[in-house]
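Single-letter residue listing:
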Amino acid sequence: MSGGGGNFFNGGGIDAHAGSCYKTHIKMLIRFSLGVAVVVHLAAMTHSQTFESSQQWWNLARTELAAALNVRDNWNVAKNVILFLGDGMGITASTAARIYKGQKKGMHGEEGYLEWERFPNNALIKTYNVDRQVPDSAATATAFLCGVKVNYETIGLDPMVPFNDCEASKDASTHLTSVLQWAQDAKKATGIVTSTRMTHATPAATYSHVANRRWECNRDVGMEGHGCPDIAEQLVHHNPGKNIKVILGGGRQPFGATLGIPDEFTCNRTDNRDLTREWLKSKQDAGLRARYLTSATELRGLDHSKVDYLMGLFADSHIPFVEDQVAASSNSPSLSEMATAAVKQLQKDDNGFFLLVEGGRIDHAYHNNLPKKALEETLAFDEAIAAVLKQVDLDETLVVVTADHSHVLTMNGYPNRGNDILGLADVSDVDGLPYTTLMFTNGPGFNITSNGSNVTRADPREYPLQNGEHMSQTAVPLKPFQETHGGEDVALYSAGPMSHLFHRLHEQHYIAHVMAYAACIGPSAGESCRRPSFASNSIDDDDAFSLPHSPLRKATSGFQNVKSTVDSAAEAAKVASSAGIKMPSSSGTASSSSNSIKTGVKSPTRGQSSSSSSSSSRFGPSSSSSSASSSSSSRPQNVLIFPGASTGFTSPKFPTLSPTLQSLLDQSQQNLINALGLERIKQTKTFSSLQDVTNLLGRPAFDAPAHDME
């Protein structure tokens, strides 16, 4: 699932022999996983076939366990960062899309996965705004792009600026900078791809500062916003918008460049300016090669080698829903086409890039209670991610997939396995009418009648449930396109450098800080991007951080072959054999401790190597017993065991653990930690240092860099 030889599990920094062995193991793991998955999928191809057997579920779980045991943390500096944002793609929406994807392929659907659902790291994200329990897309986008939670419907402004307060927004000290600007400051190329208008809430948060998200063009600024630049103006003429190298999406109208009949619901310029022409002229005047595109045909025929700056606006307003596009005649590019074109263009820059890709019309379909259209948009988002993953190397590219908020979509009833996700779920025991699996708590699809004393809902059997224009039923009636967002947490999935920093429930603004730290940009540039000493096993603690020009690679020197202690090894081997896969044997595996494995960082220059003692004094509390691991000969001998194999991989799963603690874990005695408790451990010499214990239990291993708001 990655290009350039990258993969989800590679920590990097290994020599050719160990790397070859490592990749062989990973390939076997992937083949093993696919083999079992195929068995499960074949069993679920048609509803007439029997469901999976207990043995199949057992085998699948063992495969999942094998994969989990071989996940590595990637401490590299991210050359590239790609944020995929599914607007409104809450957890229920993702579940429904997963089933819909499988059912389109003739399967039951529940057993499948969306592209990002196999990423090695994930988290839950809290989405509320500073002033609202249930958020909007402008404030959420500002949070995950600028690293600060703000007020409802404001973009790129400090939370001290109230909604609609133009005068307050003129104060430059209230302007927040985004991860896109941080990337530009680090000399990286930047780009935006969206299926919405380019001036819509999510893309606008990368480059604009407005007190009202609706100020997309001068007409809608009105008297309240008089004197404040509109969003389109800021993209073309202000920093960082004017320096964005790839701009692909919809929304010609706010730029004054409509090619058809103006959409009454979309902001249309009234100052007789065509900002696309102004954008093109500004680039040409600067001696830059720029192209402005308006059709999929132009995008498909683009020669990237002849372009420095690219703007493509493919609709007057939003790009049409996938469901509404006629494949043979549509001149709208797919989200996948735009995303892959953006990556191809940005990869020309040697310093790397930041790219935002938004599947924005998922949200719009749900706002009108249109589940099929929303699901089709989600699958287009899924296809875009799959296509981009083929272009990038996950050893050097952080990929994040998340949503800004959810919707009030519910998946209810007790439908049978494989039941049409767009179909009927069950029958009410009150009114005797059936109801669908997918419904909404509010919106325009209510479809009820009243005789003054009784309220009757429509019978869904009388409607084309699989039609893209069908509105699912709702409990609370609202006007068209007024279904509300949901306020629950959303999921985040990540792969690539530092993706393991997404690991629990996080505030939404945390996302921007992880992207910055991964790439060593913005608030995490320079010394603020230091990595903790336990991130590597062969570097001096003076080198326990990484700068953008010197990516940190996890060192693995000194690891030895060991015998597996996994009780289920033979059983796992049988599973692999049944899938037609040979498990690795003890021959031809990783090198012993006598083979020094090269790394991409400087070797220790003093008389001793990095130790838990030195890391404790630098990043956390020390212990009198910490000297036990002060010599290079006592470096951790960490290994990962693949169930069924007799040897381990030469890369650490727990790079934070001391040799003593690692030994305890190898002997299945982790229960001692739980039994003794942290206070008891402080008084014992069972572990080489308190730092080892705090690392294991999830306490901070080092002080996080201070956040500088000035």
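Conventions we followed
- Residues numbered from 1 in each chain as written.
- Predicted model: local features only at pLDDT ≥ 70, side-chain atom pairs only at ≥ 80, totals over all residues.
- Heavy atoms only, no water.
- Pairing = 2+ DSSP bridges.
- Helix = DSSP H or I, 4+ residues; strand = E, 2+ residues; numbered from the N terminus.
- Axes fitted to C-alpha atoms, helices over the stretch in contact; angles between N-to-C directions.
- Contact = heavy atoms within 4.5 Å.
- pLDDT = per-residue confidence, 0-100.
- Disulfide = S-S within 2.5 Å.
- Buried < 20%, exposed > 50% of the residue type's maximum accessible area, 1.4 Å probe, protein only.
- Parallel < 35°, antiparallel > 145°, perpendicular 65-115°, else oblique.
- Left-handed = near helix turned anticlockwise from the far one by under 90°.
- Expected span 1.5 Å × (residues − 1).
- Nonpolar A, V, L, I, M, F, W, Y, C, P; charged D, E, K, R; others polar.
- Salt bridge = Lys/Arg side-chain N within 4 Å of Asp/Glu carboxyl O.

## So, the sheet that holds strand S19 (residues 505-507)
Item 1. Taken together, the 10 strands give an open sheet; going across it, the order is S5-S6-S4-S3-S7-S1-S8-S18-S2-S19, and neighbouring strands pair in mixed fashion. Whereas interior strands pair on both sides, the edge strands pair on one side only; in this sheet they are strand S5 (290-293) and S19. Averaged over all adjacent pairs, the angle separating strand axes in this sheet is 15°, with direction ignored.
Item 2. Sheet contacts for helix H14 (residues 371-389): strand S1 (80-86), strand S7 (353-359) and strand S8 (397-402); angle to S1, the most-contacted strand, approximately 170°.

## Topic: the confidence of the model for the chain
Item 1. With 68% of its residues at a pLDDT of at least 70, the chain reaches an overall mean of 78.
Item 2. Across residues 578-670, confidence stays below pLDDT 50; counting only partners more than four residues off in sequence or on other chains, it has 231 contacts.
Item 3. Every residue in residues 678-690 is under pLDDT 50, and counting partners more than four places away or in other chains gives 28 contacts.

## Observations regarding the state of the cysteines
Each disulfide consists of a covalent bond between the sulfur atoms of two cysteine residues.
Item 1. Counted according to the given criterion, the structure contains 3 disulfides.
Item 2. At a sulfur-sulfur separation of 1.9 Å, the disulfide partner of Cys520 is Cys529. On the sign convention where negative means left-handed, the S-S torsion of about -70° between Cys520 and Cys529 marks this disulfide as left-handed. Residues Cys520 and Cys529 agree in their burial class; the two are buried.

## Brief notes about the packing of helix H12 (residues 335-346) against H14
Item 1. Taken N-terminus to C-terminus, the directions of H12 and H14 make an angle of 25°; their axes are 8 Å apart at the nearest point. Comparing the axis directions of H12 and H14 gives the class roughly parallel. Crossing hand, H12 versus H14: right-handed. Only Ala380, Phe381, Glu383, Ala384, Ala387 and Val388 of H14 make contact with H12, whose side of the interface consists of Leu335, Ser336, Ala339, Thr340 and Val343.

## Brief notes about helix H3 (residues 91-104)
Item 1. When the terminal C-alpha atoms of H3 are compared, their 20 Å separation across 14 residues agrees well with the 20 Å that a helix rising 1.5 Å per residue should span.
Item 2. Of all 14 residues in H3, 10 are buried; the element is thus mostly enclosed.
Item 3. Within H3, the full set of buried residues consists of Ala93, Ser94, Thr95, Ala96, Ala97, Ile99, Tyr100, Lys101, Gly102 and Gln103.
Item 4. In this structure, the buried residues of H3 make contact with helix H13 (361-367), H14, strand S10 (409-411) and strand S13 (438-443).
Item 5. Count one or two residues on from H3 and you reach Gly106, which has phi positive near 90°.

## Re the side chain of Ser169
Item 1. Position of Ser169 among the secondary structure elements: in helix H5 (residues 166-169).
Item 2. Ignoring sequence-local partners within four residues, the contact set of Ser169 consists of Leu157, Val161, Thr174, His175, Ala211 and Cys228.

## With respect to the packing of H3 against H14
Item 1. At their nearest, the axes of H3 and H14 sit 9 Å apart, and the two run at 80° to each other. Classed by the angle they form, the pair H3 and H14 counts as roughly perpendicular. For the pair formed by H3 and H14, the contact residues are Ala93, Ala96, Ala97, Tyr100, Lys101 and Lys104 on the first element and Lys372, Leu375, Glu376, Thr378, Leu379 and Asp382 on the second.
Item 2. Among the residues making up the contact of H3 with H14, the classes are represented as 6 nonpolar, 1 polar and 5 charged.

## Quick word on the pattern of salt bridges
Item 1. Under the definition given, this model contains 31 salt bridges.
Item 2. Of the charged contacts, one joins Arg219 and Asp220 as a salt bridge, the two residues approaching to 3.0 Å between their closest N and O atoms.
Item 3. Where Lys372 meets Glu323, a salt bridge forms, and the shortest distance between an N and an O atom there is 3.6 Å. Placement of Lys372 in helix H14 and of Glu323 in the loop between strand S6 (309-313) and H12 is noted, with a sequence separation of 49 residues between them.
Item 4. Given a relative accessible area of 18%, Lys372 falls into the buried group.

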